[in-house]
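Below are the chains, spelled out letter by letter.
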Amino acid sequence: MTDNITAGSPASDTSLPGDGYVGDPAVRAEWDNRYADRQQLWSGRPNGALVAEVAGLTPGRVLDVGCGEGADAVWLARGGWDVTALEVSGVALERAAGHARDAGVAVRWVHAALTEAALPPASFDLVSAQYPALLRTPDAAAERALLAAVAPGGVLLLVHHAGMDTQQAHDSGFDPADYVWPSMVAALLTDDWKAEVNEQRPRVSPDGGAGAHHTDDLVLRARRLR
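Residues numbered from 1 in each chain as written. Predicted model: local features only at pLDDT ≥ 70, side-chain atom pairs only at ≥ 80, totals over all residues. Heavy atoms only, no water.

A. Representation of the packing of aromatic side chains. The tally for this structure, following the rule as stated, stands at one aromatic pair. Ring centres of Trp31 and Tyr35 lie 6.2 Å apart, and the angle between their planes is 45°; on these two criteria the pair is classed as tilted. With a gap of four residues between them, Trp31 and Tyr35 both fall in helix α1 (residues 25–36), about one helical turn apart. Across this residue pair, the class does not change: Trp31 and Tyr35 are buried. In this structure, Arg34 packs its charged tip against the face of Trp31, placed 4.3 Å from the ring centre. The ring of Phe124 carries Arg61 above its face, with NZ or CZ at 4.8 Å from the centroid. (Phe/Tyr/Trp six-rings, centres within 6.5 Å; stacked < 30°, edge-to-face > 60°. Helix = DSSP H or I, 4+ residues; strand = E, 2+ residues; numbered from the N terminus. Buried < 20%, exposed > 50% of the residue type's maximum accessible area, 1.4 Å probe, protein only. Lys NZ or Arg CZ within 6 Å of the ring centre and 35° of its normal.)

B. Examining the environment of Ala122 more closely. Note on placement: Ala122 falls in the loop between β3 (107–111) and β4 (124–130). Sequence-wise, Ala122 and Leu147 are 25 residues apart; in three dimensions their C-alpha atoms are separated by 8.3 Å. Every residue in contact with Ala122, bar those within four places of it in the chain, is listed here: Ala148, Ala149, Val150, Ala151, Pro152 and Arg224. (Contact = heavy atoms within 4.5 Å.)

C. Local environment of the sheet that holds strand β2 (residues 82–87). What the seven strands build is an open sheet, ordered β3-β2-β1-β4-β5-β7-β6; its pairing is mixed. Every interior strand has two partners, whereas the edge strands, β3 and β6 (193–202), have only one. Across the sheet, the axes of successive neighbouring strands diverge by a mean angle of 15°, strand direction being ignored. Bridge analysis of β6 against strand β7 (residues 216–224) gives nine bridges, and the strand direction is antiparallel. The residue of β7 that forms the bridge with Trp193 is Arg224. In this fold helix α3 (residues 71–78) packs onto β1 (61–65), β2, β3 and β4, with an angle of close to 175° to the strand it touches most, β2. Strands β2 and β3 of the sheet are contacted by helix α4 (residues 90–103), whose axis makes an angle of about 175° with β3. (Pairing = 2+ DSSP bridges. Axes fitted to C-alpha atoms, helices over the stretch in contact; angles between N-to-C directions.)

Take a look at the structure:
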């Protein structure tokens, strides 16, 4: 997977919470190890689909799901958004908090799995999940958590790499069937939602960083009507 994973339990401003991680320790360890293997895993620039889709939106409260090293969170905060950023990896959060301090912006950092995070329901004007590694469950817990976080009138923006959902299981252990894809979230949209964008399109990718080889995105932008 590329670009990040999930998290829960806010700290104030640019400081990090204590070691209050809520979620599967094995998932945290996996991603801590992945980040620790490199000084910098991602490009350090905001994701192109986010930049394109946020243009024209009035800044409000945003939830950045799977914030990684914080490039999207910092960019959103600089744009006037009130940012809450979730991540399972403590290593990534330390880096993200450092980038926010360097940029002089405030972000609430949340260290937990999305499905374990005690997030206030229906309270975010934008929920952004850029290439998240959300594990699939029989009760669609992650999909429902994404939708539940969006305030009436707000937007869910879910972006993933096109073609990954149809790949065969890898020898490395990656199996697409284990993860949530935009089509699964789109299938849960009711009359309370309007899908404003649901398409595959060329990826506007930041230079460098893991995942730079992917060429196309799946983009789901859905607005909660009520």
